[in-house]
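# Tertiary structure, described
Letter by letter, the chains look like this.
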Amino acid sequence: MLKSNSMFIKRWWPAATIIIVFALAPQLFETFWGRMGMYKLVLLQVFLANVVLAQSYRLMTTTGDWTLCHYILMGMGAYTTAILAKFYGVPFYLTIPVAAICTVAVSFLIALPLSRTIGFAFFIGSFALGEFVRYIWEKLHFPFGGSRGLSNIPRPEMGQSGDWYFVDFSSRMDISNLYYGTLILAIFALILLYRLDTSRFGNAWKSIYADSELCESIGINVTRYRILIFCVAGFFASLAGSLLAYQWGAIDPDNFGMIEMVYLIIWVVVGGVKTYWGPLIGVASMSLVFELTRPFDEFRPLIFGVILISSLVFMPGGLEVLIPRTTRFFKNLVGTKEVS
Amino acid sequence: MGLDILPQTIGNALVLGSIYAMVAVGLAIAFGVMQMANFSHGELFMVGAYCVYVLYTLFGWPFELAVIASFPIVALIGVIYERLIFRPTRGNVLAGFMATAGAGFILQVLISEWYGVGLPKSVQVPYPGGSDFLMMAISWQRLAIIPVTIAMVFGLWYFLTKVKDGKALRACAQDPEASVLQGIKLNKMTALAMAISGGFAGVGGALMAPIVSVNPYMGHDYAIIAFIVVIVGGMSSIPGAVLAAFILGFIHTFVSTFADSVYGMMIGVLFMAIVLIVKPTGLLGNVKV
Amino acid sequence: MSFLSVKKLSKHFGGLIANNEIDLEVEKGEIRGIIGPNGAGKTTFFNVISGFYQPTSGSVTFKGQNISGKHSSEISKLGVVRTFQRAALFPDFTVLENVVIARHLRANNSLVSAIFGNQKKAEEANVKRSTEIIEFLGLGDEIESLSSNLSHGHQRQLGVAMALATEPELLMLDEPVAGMNSGEKAVMVGMVKKIRDEWGVTVLLVEHDMRTVMNLCDRITVIDFGEKLAEGTPNEIKNNDKVIEAYLGADDSVA
């Protein structure tokens, strides 16, 4: 009994530590940066949404299918949430699931023509179909706001003022409350993604990547599973999109263009996709680089371009391949007698 | 909107189809020879346009010379791509493709730094005035694109079928291992393919420089279209690329004339989706990509 | 009624007629071999029956149900499972994990139970049965080895184990002894016999190796130039003039 407890702790302590740090972030930020700290919290919120997005992309790539429309799927979630909240006053606990369902439907429609293609044609086809969706946002003034997009998206609120369960997102306190809302949704999404990854479906998708012909022969309808993973990945991308819609308060079609998609790819390539931690490392390291390059922002695309090329040429597995080496390094430092 | 604009629309469609063909052929040959897919093919197009801007507008070279010069300049960039990006990632199509996205960023920043982003550059039209050629009211500038494209595609056909290195290129596309056994140097072939790929994209951009606004992001739309064309035509098929280029040129022109250009793009994408459902390998393709 | 009934099956690839109106009846519980010279169309025939190719014309019926034109994954769910000539396995997993995966990839899952459900009990049953299969086939010693580290012979055996993991009623073996030495061949022959004798699985196999086929099969069907040439017991086939002529000079391993 004790042994299984200690194994549980051993496995989960890094994740638990990170969650605790994030939970304490508002206090820490206020301590270090005073009032400015609360506004820097927005950066963390964007970070959390990006982590969910990157993890959902990692899920997508499990079958070996890399898409170029993933950012658009996130945009679907953002737009749907924005439209429901702005025009119809729908509360957040409905906009988020409804947006997710709509995004799954769109994912399905995009996946259908792509389901019999693989590799490169799949990649480009997904790009073209994603752009199609973006053109719709640009063309239709109602409800998408055309090329100007949607602004003044109301902050999420729960209940009416006066009710005992009213959570006020709209006062000065709102930054911190919105942060916690984001954190909770992000943790929820990440746990679900983890469970999916280690489930039978996760194994099926990984097996399809390893040998799809073999999978066919043991009863896996590969086409169906590929469409399924597209939709599930779209679901989680939509969650990230809903979060960002509420945080930014305004969205337009240019927020979901090719450049943003390439950045998503950079996070995932730099971090790696083989392990569950890869995307987290990728988003963290690239967000850091992004912040550090603020003074030279015209050179940013060049810097990231060089990072992307170097990563693919010199470290195609991503930074996550360094994890076992790093843990072994620390274990040796600490003097653990374990044989790795 | 009577039938009187029909000849003009057809003319515009031929012009557009020619540009699409120019850009798509480059992609098809690079992919056919060694599965080299260039995400930033549009940026090569853009560099070609800037060649004309620099040589013709800034340095005063004759327009024709500037266009001709764009071929070797952008071809060289293609060769650099091959050496630094495609060779190390050979075997992994997706990795090479994504790496070229990074290269595209680099090119955009470099051009922005050298020539500024601000207002788009405009290049004077060397062949001013409209023509009434065959009842089509099209500017000479646009019309000039058609013969140039025909000449270049014909030149490529001649190269691939009659010239030793061209034939070696085709052999390589069919079977790289067998080609190596025949003494063909793979690296030379991949570099050659990328040179042609870059050269065609560059000339495409050069020809369009007086017609569209020149800015570091102009290549974006052409890249999307080039990819759609290549998918519809069949990933590594050059005749497929040419055929699809004209089909899509016609679709885009007609829809744009009667509706607008965004709808044109959308219909093009829908057409691609239909082709993918009915024949995933493309109209003239037989490679399962 | 036959277990597997193939009637006038044809497969054309453009102008090439790979299979021309072939009939085949397989009885429940038999071990049936399909042989023929190189290029005869045996593998094409195999691929059509198992759903990897679509037939041009003709029908395939399994246990009275029409399976022609169905997708391979559907056919395998109905109880007809095939193996591959190549080593088809999941290289990053152990032998046991490979068989377990093959088992539970087939189970109908809902997404919700995958995320929220507790699958411990089903998992335990899977592991137990998988271990049984592995030991039955004599791979017990390698059960914890990484599948990519196995010898070719063992990898082929693992392929059979994975096919068996789906509890098939008809097992289709694609050149089961290709690339094996005589020791490995004998092991495979013993294994196939055991599968039929002890577990009642019907076996249909395609093979080049004459000695193996003669030893193993109850009945043999010979295909040449895309058409059925002869059919009968090993003795009948051994002495069939047409068969001897088809193989003349090609193969000297006829028993």
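Because the structure is a prediction, the values reported are computed rather than measured.

### Digging into the overall build of chain C
From N to C terminus, chain C includes 10 helices and 10 strands. The C-alpha radius of gyration computed for chain C amounts to 19 Å, which stays within 12% of the reference 18 Å derived for 255 residues, consistent with globular compactness. Dimensions of chain C, computed from C-alpha atoms along their principal axes, come out at roughly 60 × 40 × 35 Å. The proportion of buried residues among the 255 residues of chain C is 42%. Here the contacts in chain C between residues at least 6 apart in sequence split such that 68% fall between residues at least 24 apart.

### What about the domain arrangement of chain C?
Residues and elements named next belong to chain C. When its domains are assigned, chain C resolves into domain 1 (1-79 + 168-255) and domain 2 (86-167). For domain 1 and domain 2, the distance between their C-alpha centres works out to 26 Å. Elements represented by at least two residues in the side of domain 1 that touches domain 2 include exactly helix H2 (72-77) and helix H7 (182-199). With 4 residues, the single largest contributor to the side of domain 1 that touches domain 2 is H7.

### What about the interface of chain C and chain A?
Contact residues are listed per partner, giving 21 residues for chain C and 20 residues for chain A. Every element with two or more residues in the side of chain C that touches chain A is listed here: H2, strand S6 (80-82), helix H3 (95-106) and helix H4 (111-116) of chain C. Examining the composition of the side of chain C that touches chain A, we find that 5 residues originate from one element, H3 of chain C, more than from any other. By residue class, the composition of the side of chain C that touches chain A is 11 nonpolar, 7 polar and 3 charged.

### Description of the sheet that holds strand S5 (residues 65-66) of chain C
All names here are of chain C. Strand order across the open sheet formed by 4 strands is S2-S1-S4-S5, with antiparallel pairing between neighbours. Here the strands that pair on one side only, and so sit at the sheet edges, are strand S2 (16-26) and S5. Examined bridge by bridge, strand S4 (residues 57-62) and S5 share 2 bridges and lie antiparallel to one another. Looking at S5, one finds that Thr61 is bridged to Asn66. Set on the sheet, helix H1 (residues 42-49) makes contact with strand S1 (4-13), S2 and S4; between it and S2 the angle comes to about 65 degrees.

### Some words on the interface of chain A and chain B
Counting from both sides, the interface comprises 35 residues of chain A and, opposite them, 34 residues of chain B. Broken down by secondary-structure element, the contributors of at least two residues to the side of chain A that touches chain B are helix H4 (92-114), helix H5 (119-139), helix H10 (258-271) and helix H12 (300-314) of chain A. Class assignment of the residues belonging to the side of chain A that touches chain B gives a composition of 26 nonpolar, 4 polar and 5 charged.

### Re the environment of Ala128 of chain A
All names here are of chain A. Relative to the helices and strands, Ala128 is located in helix H5. Owing to 26 C-beta atoms within 10 Å, Ala128 belongs among the buried residues under this scheme. Remark: the alpha-carbon pair of Ala128 and Ala15, spanning 113 residues in sequence, is separated by 37 Å.

### Considering the domain arrangement of chain A
Residues and elements named next belong to chain A. According to the domain assignment, chain A consists of domain 1 (19-256) and domain 2 (258-340). Each partner contributes residues to the interface: domain 1 has 16 residues there, and domain 2 has 13 residues. Elements with a contribution of two residues or more to the side of domain 1 that touches domain 2: helix H2 (35-60), helix H3 (70-88) and helix H6 (174-197). In terms of residue count, the dominant contributor to the side of domain 1 that touches domain 2 is H2 (8 residues). Across the side of domain 1 that touches domain 2, the residue classes tally to 9 nonpolar, 5 polar and 2 charged.

### Structural notes on the sheet that holds S6 of chain C
Residue and element names in this part refer to chain C. Here we have 6 strands laid out as an open sheet, ordered S6-S7-S8-S3-S9-S10, and mixed in their pairing. Every other strand in the sheet has two partners, leaving S6 and strand S10 (227-232) as the edge strands with one partner each. Strand-to-strand twist across the sheet, computed as the mean angle between neighbouring axes with direction ignored, equals 20 degrees. Along the sheet face, H7 touches strand S3 (31-35), strand S7 (170-174) and strand S8 (202-206) and points at about 150 degrees away from the line of S8.

### Points about the pairing of S3 of chain C
Residues and elements named next belong to chain C. Among the 5 residues of S3, 5 are classified as buried, and the element is accordingly described as predominantly covered. The alternating pattern of S3 places Ile31, Gly33 and Ile35 and Arg32 and Ile34 on opposite faces, both of which are buried. Inspection of the sheet shows S3 paired to S8 by 4 bridges, in the parallel sense. Each bridged residue has a counterpart across the sheet, and for Gly33 the counterpart in S8 is Leu205. By the bridge criterion, 4 bridges tie S3 to strand S9 (residues 219-224) in an arrangement that is parallel. Across the sheet, residue Ile34 finds its bridge partner in S9, namely Thr221.

### A short note on the pairing of S4 of chain C
As a general feature of sheets, a regular strand has side chains that alternate between the two faces. Residues and elements named next belong to chain C. Where S1 lies against S4, 5 bridges are found, and the strand directions are antiparallel. Of the residues in S4, the one forming a bridge with Ser5 is Thr61. Joining the antiparallel neighbours S4 and S5 is a turn of 2 residues, in which Lys63 adopts a positive phi near 50 degrees.

### Side note on the environment of Leu302 of chain A
With respect to the element layout, Leu302 of chain A can be found in helix H12. If near-sequence neighbours (up to four positions away) are discounted, Leu302 of chain A is found in contact with Phe105, Ile106 and Val109 of chain B.

### Observations concerning helix H2 (residues 41-58) of chain B
Owing to its 3.6 residues per turn, the α-helix aligns residues three or four sequence positions apart on the same side. All names here are of chain B. The terminal C-alpha atoms of H2, which comprises 18 residues, lie 25 Å apart, in line with the 26 Å expected from a rise of 1.5 Å per residue. Within H2, 15 of the 18 residues are buried, which leaves it mostly tucked inside the rest of the structure. A positive phi of about 80 degrees marks Gly60, the residue just after H2.

### Let's talk about the packing of helix H10 (residues 219-233) of chain B against helix H12 (residues 261-278) of chain B
Residues and elements named next belong to chain B. Where H10 contacts H12, the two axes come as close as 9 Å, and the packing angle between them is 25 degrees. As summarised for this structure, H10 and H12 are arranged roughly parallel, according to the angle between their axes. In the crossing of H10 with H12, the sense of the turn from one axis to the other is left-handed. Residue-level inspection shows Ile228, Ile231 and Val232 of H10 in contact with H12, the latter providing Gly268, Val269, Phe271, Met272 and Val275. Of the residues contributing to the contact of H10 with H12, the split by class is 7 nonpolar, 1 polar and no charged.

Calculation rules
- Residues numbered from 1 in each chain as written.
- Chains lettered and ligands numbered in written order.
- Predicted model: local features only at pLDDT ≥ 70, side-chain atom pairs only at ≥ 80, totals over all residues.
- Helix = DSSP H or I, 4+ residues; strand = E, 2+ residues; numbered from the N terminus.
- Rg over C-alpha atoms; globule rule 2.2 N^0.38 Å.
- Buried ≥ 20, exposed ≤ 12 C-beta atoms within 10 Å, placed from the backbone.
- Contact = placed C-beta atoms within 7 Å.
- Domains from an automatic or database assignment.
- Nonpolar A, V, L, I, M, F, W, Y, C, P; charged D, E, K, R; others polar.
- Pairing = 2+ DSSP bridges.
- Axes fitted to C-alpha atoms, helices over the stretch in contact; angles between N-to-C directions.
- Expected span 1.5 Å × (residues − 1).
- Parallel < 35°, antiparallel > 145°, perpendicular 65-115°, else oblique.
- Left-handed = near helix turned anticlockwise from the far one by under 90°.

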